[in-house]
Amino acid sequence: DPARWEAAGRDDAEKASALHRLAWLLAGARDLERTRAVVARAVTRLPGSPILRRIQLALTSGDRKAVEEARAACPDDPEVWLAWIVTRVRQGGAAGELGKVLEDEVNRAVAGAAFPVETLVRAGDFLLRHGHIRPATAAAREAQKRARGLEPAYVLALSCALAGKDLKWARSCALAGLDYAENPRPFYTMIVRLSLAQGSIDAELVKALEYLRQ
């Protein structure tokens, strides 16, 4: 009985914690319908809890209403923000209008430095895979700027540069990624292709060819 579990708490935080525990027990018993109901009840006690909101989104498979409510309550949570991005893309709409909405949202996040670089990489990768190059590129440029050795950030930037046919940026991304790649071969291969496409014969091309030959 959720009401009995809820009554065990002295305040909203304890009541939500008790309901959270009950939700885990119900989930373990594979009673997902009651699990969703209990989590929803816990959320009413602590609407600003990112953890409860994340659980609710997972249990509702990203229900649009749940996502919108979660974002309103937890605007600075990276997982909730990513859920909003995914839901908005799946919702669809006119290509130009949707792209503008997504680009504005990414630019807002970038300007406010609201999320860690890993979140921007995940958002950019998702957006690029769904054909939204401009917002993906906005995420990629910021991710590369703040990468500090995070290889996926350079891979995303390189992918966006190629998608946007910005060969100069693509080559710089490949060169930057070399310093942090566990396996540099894909970066060297890309350097060769981009150098030949641009007619650029320099020390970096020679170095890449020597590596690939070996």
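Refer to the structure presented above.
Report follows, based on the coordinates. What you see is a predicted model, and the numbers here were worked out from it, not measured in a lab. (Residues numbered from 1 in each chain as written. Predicted model: local features only at pLDDT ≥ 70, side-chain atom pairs only at ≥ 80, totals over all residues. Heavy atoms only, no water.)

Relative to the elements of secondary structure, glycine 177 occurs in helix α11 (residues 167-178). Classification of glycine 177 as buried rests on a relative accessible area of 0%. Taking the C-alpha atoms as reference points, glycine 177 and arginine 4, 173 residues apart in sequence, are found 56 Å from one another. (Helix = DSSP H or I, 4+ residues; strand = E, 2+ residues; numbered from the N terminus. Buried < 20%, exposed > 50% of the residue type's maximum accessible area, 1.4 Å probe, protein only.)

The next thing to look at is the environment of arginine 146. Position of arginine 146 among the secondary structure elements: in the loop between α9 (133-145) and α10 (151-163). C-alpha separation for the pair arginine 146 and glutamate 118, spaced 28 residues apart in sequence, amounts to 9.8 Å. Apart from the residues lying within four places of it in its own chain, the contact partners of arginine 146 are Phe115, Pro116, Val117 and Leu120. (Contact = heavy atoms within 4.5 Å.)

Let's shift gears to the pattern of salt bridges. The final tally for this structure, using the stated rule, is 16 salt bridges. The residue glutamate 6 makes a salt bridge to arginine 41 at a minimum N-O spacing of 2.8 Å. With glutamate 6 in helix α1 (residues 2-7) and arginine 41 in helix α3 (residues 32-45), this residue pair connects regions lying 35 residues apart in the sequence. (Salt bridge = Lys/Arg side-chain N within 4 Å of Asp/Glu carboxyl O.)

This brings us to the packing of aromatic side chains. In the structure shown here, the tally under the stated rule is three aromatic pairs. Both rings, one in tryptophan 81 and one in phenylalanine 115, keep their centres 4.6 Å apart while their planes meet at 25°; by these two values the pair is stacked. One end of the pair, tryptophan 81, is in helix α6 (residues 78-91); the other, phenylalanine 115, is in the loop between α7 (95-111) and α8 (117-129), and 34 residues separate them in sequence. Its end group placed over the ring of tryptophan 84, arginine 71 keeps NZ or CZ at 4.3 Å from the ring centre. The ring of tryptophan 169 is capped by arginine 141, whose NZ or CZ atom sits 3.8 Å from the centre of that ring. (Phe/Tyr/Trp six-rings, centres within 6.5 Å; stacked < 30°, edge-to-face > 60°. Lys NZ or Arg CZ within 6 Å of the ring centre and 35° of its normal.)

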